[in-house]
Amino acid sequence: MATETWRRPTKRRVRAIRDRLRELYGRPTQVPHGRPVEELVRTILSQNTNDTNRDVAFDRLRERFPTWREVRDAPLDELEDAIRPGGLAPQKAPRIQAALQDIADRAAPGSEAEDAARIDSLDLDWLRDAPRDEAMDFLTSLPGVGRKTAACVLIFSFGRPEIPVDTHVYRVGGRLGLFPPDASFERAHDEMRAITDPDDAYELHINLIAHGRRVCRPRPRCGECALRRMCPAYQKGEVTPVGSKLASPRHS
Ligand code: SF4
């Protein structure tokens, strides 16, 4: 499906996809945890790795450096060592420190003791009620923080309606025609937000990931996919399903 033939799906169609995914994977319960700095660091650690390795890296980080100030001020080699199980430690360690430093720098200046207290608590709670664009602009202006990381902070910390576009959401959403198949991640993010009811954002995010992990993999299992009839990529033979050497048939 080329971009020029792509049409933004109606909300009705998006709801139909939501409902089919809900039949498959249920309706996840959202419980915002209220810890935006933790989410920010955890998401930086998740870049180019899986959830298990990310969690090991995060736990080691918190064990070695219990406060955010200690993380910020840690010798780089020690920080890299702590997060090594998450991969790309030489890139992620300075990225984490730069983001923490930037957050502290933008708080009101104070004494050294106040600075220490501020970096230990790193209050980002104002993002809970800030205008959406202001919150997004702030987060994406932090070093190493892109749209996906910012969206993760807002939805998982505060339950704000964002759909982080990771590789699964990007692959499945593109095949289902939710955004143009060759869209940038930024465009995909904007389109997902435009077509999704705020109340469905979390559910759609979680269930698209589930579908991407179980069925709509890089080599998709279209033969067992309950979304075949509503999938333009399958209907147009634009994917090569498991078990097929040729492009998929044009009709299910
Ligand atoms: Fe993915 Fe195939 Fe299902 Fe379409 S039919 S959503 S390409 S698994």
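Residue positions within a chain follow its written sequence, with the count starting from 1. Owing to the predicted nature of the model, reporting of local features is limited to residues with pLDDT of at least 70; listing and counting of side-chain atom pairs is limited to 80 or more, with chain, interface and lining totals taken over all residues. For the side-chain quantities, the full set of heavy atoms in the structure was used; hydrogens and water were omitted.

Trainee: Give me the nonpolar core: which residues, what numbers.
Mentor: Formed by 35 residues in total, the largest nonpolar core has its most connected members in Leu61, Leu127 and Leu139. Among the secondary structure elements, those contributing two or more residues to this core are helix 2 (36–46), helix 3 (51–64), helix 4 (68–73), helix 5 (76–83), helix 6 (89–106), helix 8 (132–141) and helix 9 (147–158). Note on conventions: DSSP H or I runs of at least 4 residues are helices, E runs of at least 2 residues are strands, and numbering of each starts at the N terminus. With six residues, helix 6 is the single largest residue contributor to this core. The definition of a nonpolar core used throughout is a set of buried Ala, Val, Leu, Ile, Met, Phe, Trp, Tyr and Cys residues joined through side-chain atoms within 4.5 Å. Residue exposure (1.4 Å probe, protein chains only): buried if accessible area is under 20% of the type maximum, exposed if over 50%, otherwise partly exposed. Ranked by size, the runner-up nonpolar core spans 31 residues in total, among them Ile17, Leu21, Leu227 and Cys231.

Trainee: Report on unusual backbone geometry, specifying residues and quantitative values.
Mentor: Its identity is not glycine, yet Asn48 carries a phi of approximately 60°, on the positive side. Position of Asn48 among the secondary structure elements: in the loop between helix 2 and helix 3. For Asn48, a relative accessible area of 71% gives the class exposed. The phi dihedral of Leu88 is positive, around 50°, even though this residue is not glycine. Among the structural elements, Leu88 can be located in the loop between helix 5 and helix 6.

Trainee: Lay out the packing of aromatic side chains with the relevant residues and their values.
Mentor: What describes a pair of aromatic rings is the distance from one ring centre to the other and the angle between the planes of the rings. What counts as a ring pair is set by centres within 6.5 Å for rings of Phe, Tyr and Trp (its six-membered ring), and what kind of pair is set by the plane angle: stacked under 30 degrees, edge-to-face over 60, tilted for all other angles. Taken as a whole and judged by the stated rule, the model has four aromatic pairs. Where Tyr170 meets Phe185, the ring centres are 4.4 Å apart and the plane angle is 5°; that geometry is what we call stacked. You can see Tyr170 sitting in helix 10 (residues 167–175) and its partner Phe185 sitting in helix 11 (residues 185–195), a full 15 residues away along the chain. Linked through ring pairs, Tyr170, Phe179 and Phe185 together constitute an aromatic cluster. The positively charged end of Arg42 is found above the aromatic ring belonging to Phe58, 4.1 Å away from the centroid. We note Arg62 situated over the ring of Trp68; from NZ or CZ to the ring centre the distance is 3.9 Å. Whether a charge sits over a ring comes down to the Lys NZ or Arg CZ being within 6 Å of the ring centre and within 35 degrees of the ring normal.

Trainee: Run through the site of the ligand, naming residues and quoting values.
Mentor: Only a single heavy atom is needed: when it lies within 4 Å of a molecule or strand, its residue is near that molecule or strand. Neighbouring the ligand are Arg175, Leu176, His211, Val215, Cys216, Pro220, Cys222, Cys225, Arg228, Cys231 and Tyr234. In this analysis a 1.4 Å probe is tested at points of a 1 Å grid over the protein atoms alone, and where it fits but cannot get out there is a cavity; an open set with protein on both sides within 12 Å along at least five of seven lines is a pocket; lining residues have an atom within 4 Å of a point. Molecules are considered to sit inside a cavity or pocket once more than half of their atoms lie within 2 Å of its grid points. Mapping the ligand onto the cavity grids shows that it belongs to the largest cavity. Note on residue categories: nonpolar means Ala, Val, Leu, Ile, Met, Phe, Trp, Tyr, Cys or Pro, charged means Asp, Glu, Lys or Arg, and polar means any other residue, Gly included. Of the residues that constitute the shell around the ligand, the class distribution is eight nonpolar, one polar and two charged.

Trainee: Which residues make up the layout of surface pockets, and what are the values?
Mentor: Roughly 750 Å³ of volume is contained in the largest pocket. For the lining of the largest pocket, the residue count by class is seven nonpolar, twelve polar and seven charged. Grid points are joined across faces, edges and corners, and a volume is the space filled by probe spheres set on the points.

Trainee: I'd love a proper account of empty space enclosed by the protein, names of residues and values included.
Mentor: Once rolled over the atoms, a probe with the size of a water molecule shows which space is left empty. Per the counting criterion, the structure on display carries two cavities of 30 Å³ or more. Lining the largest cavity are 16 residues, with His211, Cys216, Cys222, Cys225 and Cys231 positioned closest to its centre. Classifying every residue of the lining of the largest cavity by side-chain character gives twelve nonpolar, one polar and three charged. Its volume calculated, the second largest cavity comes out at about 40 Å³.

Trainee: Can you lay out the side chain of Arg171 for me, pointing to particular residues and giving the numbers?
Mentor: Looking at where Arg171 falls in the secondary structure, it is placed in helix 10. When charges are tallied, Lys and Arg are placed among the positive residues and Asp and Glu among the negative ones, while His and the ends of the chain are skipped. Only one rule defines a salt bridge in this text: a Lys or Arg side-chain nitrogen within 4 Å of an Asp or Glu carboxyl oxygen. Buried and unpaired, Arg171 has Asp166 as its nearest opposite-charge partner, separated by 7.6 Å. Among all residues touching Arg171, those that are not within four sequence positions of it are Gly212, Cys216, Arg217 and Pro218. Contacts: residue pairs with any heavy atoms within 4.5 Å of one another.

Trainee: Tell me about the environment of Ile195, and please be specific about residues and values.
Mentor: Relative to the elements of secondary structure, Ile195 occurs in helix 11. Measuring from C-alpha to C-alpha, the distance between Ile195 and Lys11 comes to 5.9 Å, with 184 residues separating the pair along the chain. Residues in contact with Ile195, not counting those within four places in the same chain, are Arg8, Pro9, Lys11, Val14 and Leu178.

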